[in-house]
Amino acid sequence: MTCNDDLDDCLAEMEQSTLKTERSETNVNDEDSARGKSCRNHLNHGNLQKDQGEKCVLWRGPPTTTHQASSHFPPIHDDFPLPHLHVELARHKHMEDLSKFLLSTCRHLRMPSFERWVIDSKLEEMAKRQRIQEQNEVRASFDSLARPKEDGWRRRMKRKRHQVDSSLEKHLTSSGLRPQVHYDPVMPSMADVEDDASKRLILEIEHVSRTKGDGLDANAICKELCEQSCHAAKRLQNLEHRLGSVSASHYYTKGNGRIHLEVERKGKDPKIKLTNGAEAGNSSTTFFSLVFSRKPRTDGKKVKPFVIKINSLHYEKLRQMFHSIHNRIDSSHALHVPSPMTLGSNRLGYSSATHIFHHLVFCLELRYASLAGGQQLHDLRGGGMQGAIHSQVFDCISKYDDNSGPQDIIECFASPFNVYNSSYFSLFHRDLDWHFGSCGDFFSVPIDFFRTGGVNEANPPFSPGLMQRMIQRMEEYLEYADSMKDDEMQSNLTFVIVVPTCHSAQNTDKNIVQEFAWKSYQAMTKSRYLSKYFVLKSREHGYIEGSQHLRPTRFKESHYDTSIIILQSRAARGLEEKSPKFTSRGFEDDLRLAFASRHQLELNERRHVDSEQGDDINTDISVVRHASASRNEVNHRKKKSKKKTKDP
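Below: a short report on this structure. Small disclaimer: the values here were computed from a predicted structure and weren't measured.

### Brief notes about helix H10 (residues 312–326)
Stage number 1. Look at H10: 21 Å from first C-alpha to last across 15 residues, which is about the 21 Å you get at 1.5 Å a residue.
Stage number 2. Of the residues that open H10, the one with a side-chain oxygen 2.9 Å from the backbone nitrogen of Leu313 is Asn311.

### As for the sheet that holds strand E14 (residues 530–536)
Stage number 1. Pairing is mixed across the open sheet formed by six strands, whose spatial order is E11-E10-E12-E13-E17-E14. The open sheet has two edge strands, strand E11 (423–424) and E14, and neither has a second partner.
Stage number 2. In the sheet, strand E10 (residues 410–411) pairs with strand E12 (residues 454–458) via two bridges, with the strands oriented parallel. Looking across to E12, one finds that Ile410 is bridged to Asn456.

### Observations concerning the state of the cysteines
Stage number 1. Scanning all chains against the criterion turns up zero disulfides.
Stage number 2. Free cysteine: Cys230, not disulfide-bonded; nearest cysteine sulfur from Cys226 at 6.7 Å.
Stage number 3. A relative accessible area of 10% means that Cys230 is categorised as buried.

### Concerning helix H11 (residues 352–371)
Stage number 1. An ideal rise of 1.5 Å per residue puts 28 Å on 20 residues; H11 measures up with 29 Å between its terminal C-alpha atoms.
Stage number 2. A large share of H11 lies buried, amounting to 19 of its 20 residues.
Stage number 3. Positive backbone phi, approximately 110°, marks Gly373, located one or two places after H11.

### Focus on the packing of helix H8 (residues 196–212) against helix H15 (residues 512–525)
Stage number 1. Two elements in contact, H8 and H15, have axes whose closest approach is 10 Å; the angle formed by their N-to-C orientations is 150°. Taken as axis vectors, H8 and H15 run roughly antiparallel relative to one another. Where H8 crosses over H15, the handedness of that crossing is right-handed. Between H8, through Arg200, Leu203, Glu204 and His207, and H15, the contact on the second element is made entirely by Ile512, Val513 and Phe516.
Stage number 2. Classifying every residue of the contact of H8 with H15 by side-chain character gives four nonpolar, one polar and two charged.

### Some points on the pairing of strand E17 (residues 562–568)
Stage number 1. Summarising burial for E17: seven of the seven residues are buried, a large majority.
Stage number 2. Of the two faces of E17, the one lined by Thr562, Ile564, Ile566 and Gln568 and the one lined by Ser563, Ile565 and Leu567 are each fully buried.
Stage number 3. As paired elements, strand E13 (residues 493–500) and E17 share seven bridges and run antiparallel to each other. Its bridge partner being in E17, Pro500 is matched across the sheet by Thr562.
Stage number 4. In this sheet, E17 lies alongside E14 in antiparallel orientation, the contact comprising six bridges. By the bridge assignment for E17, Leu536 is matched with Thr562.

Conventions used here
- Residue positions are given per chain, counted from 1 along the sequence in the order it is written.
- Given that the model is predicted, a residue must reach a pLDDT of at least 70 before its local features are reported, and side-chain atom pairs must reach 80 or more before they are shown or counted; all residues, however, enter totals for whole chains, interfaces and linings.
- Only heavy atoms go into the side-chain values, all of them from the structure, while hydrogens and water stay out.
- Only runs of H or I of at least four residues qualify as helices and only runs of E of at least two qualify as strands under DSSP, and these elements are numbered from the N terminus.
- Given the number of residues in a helix, its expected span is that number minus one, multiplied by 1.5 Å.
- Whenever a nitrogen or oxygen atom comes within 3.5 Å of another N or O atom, the pair is scored as a polar contact, on the condition that within protein one atom can donate a hydrogen and the other can accept it, and that pairs from neighbouring residues in sequence are kept only if both atoms are in side chains.
- Strand pairing follows a simple DSSP-based rule, namely that at least 2 bridges must link the two strands.
- Disulfides are defined in this document as cysteine sulfur pairs within 2.5 Å.
- Remark: exposure states derive from per-residue accessible area (1.4 Å probe, protein chains only) relative to the maximum for the residue type, with buried under 20%, exposed over 50%, and partly exposed in between.
- Inter-axis angles, ranging from 0 to 180 degrees, are taken between N-to-C directions of lines fitted to C-alpha atoms, where helices are fitted over the stretch in contact.
- Working definition: roughly parallel below 35 degrees, roughly antiparallel above 145 degrees, roughly perpendicular at 65 to 115 degrees, and oblique for all remaining angles.
- Should the near helix be turned counterclockwise from the far one by less than a right angle, the crossing is left-handed, whereas a clockwise turn marks it as right-handed.
- In this analysis, two residues are considered to be in contact whenever any of their non-hydrogen atoms come within 4.5 Å of each other.
- Each residue receives one of three labels: charged for Asp, Glu, Lys and Arg, nonpolar for Ala, Val, Leu, Ile, Met, Phe, Trp, Tyr, Cys and Pro, and polar for the others, Gly being one of them.

Below, the structure written as structure tokens:
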């Protein structure tokens with residue numbers, strides 16, 4: 001089988017699981033005019049007025065000043081690289097195969113187990129590649145000098161190189177794997193059964209197998225999973241080299257875009273007041289579909305399009321975030337995407353900016369769905385690691401911070417889908433998320449990034465390896481803040497951390513995942529930078545769904561306890577001693593109120609809307625039945641009159 005056939009077969013298996021792509025013969029522009037001005041206002045603003053005066057705002061907006069925006073994001077040139085659509089589709093398919101292999105082999109495991117393994121494996125892979133880079137630098141420095149000045153220097157360099165080589169061999173050769181591929185943003189390309197992530201997965205499989213009596217070979221399953229992952233990464237690299245790179249200039253030529261927009265609406269929309277007083281339909285019933293029409297194969301076989309669905313509010317949110325980067329005054333080539341209701345389904349009429357934006361949104365959904373196990377777009381499985389906290393929590397934090405506004409808070413772990421503030425760190429900043437305002441990766445920013453202090457929120461994926469690495473990195477930032485000289489500006493650095501509560505390892509027989517996370521939880525609560533921490537009881541607080549952009553609902557109730565941990569530098573703790581803010585009782589009470597679950601309120605609202613729609617439908621049906629009965633009666637009378645005229 002050739003590589004072309006393999007790609008086509010791989011992509012052909014990805015059916016249109018999100019919705020039926022019915023081609024509408026009516027132009028979307030006519031549909032827009034029928035809906036009227038109110039629907040346009042709804043999509044342009046994207047914030048709904050909820051009950052009890054609460055606002056539903058998905059994004060705070062770009063930095064308030066042009067200086068802040070230019071300092072975060074330099075001017076963008078006309079041409080910039082883009083992820084390849086076929087590579088993203090193939091990666092999504094491979095991740096789906098990996099998750100299905102694990103969950104079908106271990107029937108009692110759930111998707112979060114696979115997500116934890118992927119996230120922690122990628123972190124360990126980054127550490128491996130860093131050691132490989134150090135090894136290459138040592139060898140380069142050793143080979144650059146043909147005649148070293150002294151024999152002692154030669155012996156020291158040789159000993160250092162031997163230490164690096166031995167650490168690499170111990171870490172990589174347990175199953176005969178070598179780093180043969182480039183770094184992949186999602187696929188673990190150097191996974192090994194001797195990694196800590198794999199060891200935790202093996203223990204989890206053994207625990208479930210022992211509890212359920214399955215009798216599984218955990219080591220063999222994990223080894224097969226690692227090998228499949230490494231082979232899939234190799235295939236992705238070969239595919240990427242064969243297809244080549246894609247840049248924004250590709251869409252400057254008319255007719256190159258192959259993604260068009262379709263609108264799906266369900267039922268009759270209730271009228272909801274916006275913050276500006278306008279009316280709009282409920283966003284939970286409006287979805288946009290990005291339809292990627294692939295070119296026909298050389299043998300004439302028809303290839304089905306791939307469809308991705310997104311909530312209209314999140315589409316508008318991403319559009320505004322895209323404009324904050326690519327539609328600035330200092331941009332050399334401003335890219336403006338028009339309102340979705342004015343586009344229509346004919347992609348030939350789209351602008352180059354629209355094609356680039358749809359390309360990025362398509363890749364963005366595929367990338368984060370791949371990180372969630374590749375099944376999120378089909379049946380909403382996975383994505384729990386990408387959940388978010390309520391916007392009211394950020395408002396509460398900014399209320400108690402005298403030196404910053406809501407937009408100055410940095411979210412340390414976010415994505416373009418769930419981010420609320422203007423500044424955030426994300427995983428795929430290098431090639432994808434920066435188009436939507438990402439400042440970088442939390443683990444990759446320089447040590448002096450937080451030298452000016454400020455308040456930062458961290459709601460990381462609940463994965464043991466990542467949380468352990470997070471607390472280590474935070475203590476490095478706080479240590480640097482404390483090491484600043486007295487004559488320099490004091491760094492009032494604060495981290496507000498949101499993580500699951502882990503109980504003592506002796507009481508975690510029923511929850512082995514908490515046992516894994518106990519080490520990182522202890523490191524947070526016993527840190528020398530700890531100012532305060534308190535616990536939110538289960539079912540008394542909630543989060544926002546990680547797949548909120550794919551669901552008609554947003555909120556969920558937490559079934560586990562959550563800890564709020566506050567770490568501060570020495571200068572910040574000194575200010576707290578003089579005038580308590582984050583350590584005060586008022587902050588704890590307000591934060592508990594902000595974390596209160598909104599899941600039941602949202603369900604009640606939907607039930608109320610559905611009942612109103614049901615009454616309207618019943619009324620319409622009765623009117624139709626009455627009209628049809630009257631019409632039948634009139635036709636019957638006409639027939640009788642015709643018979644009377646025909647009779648002599």
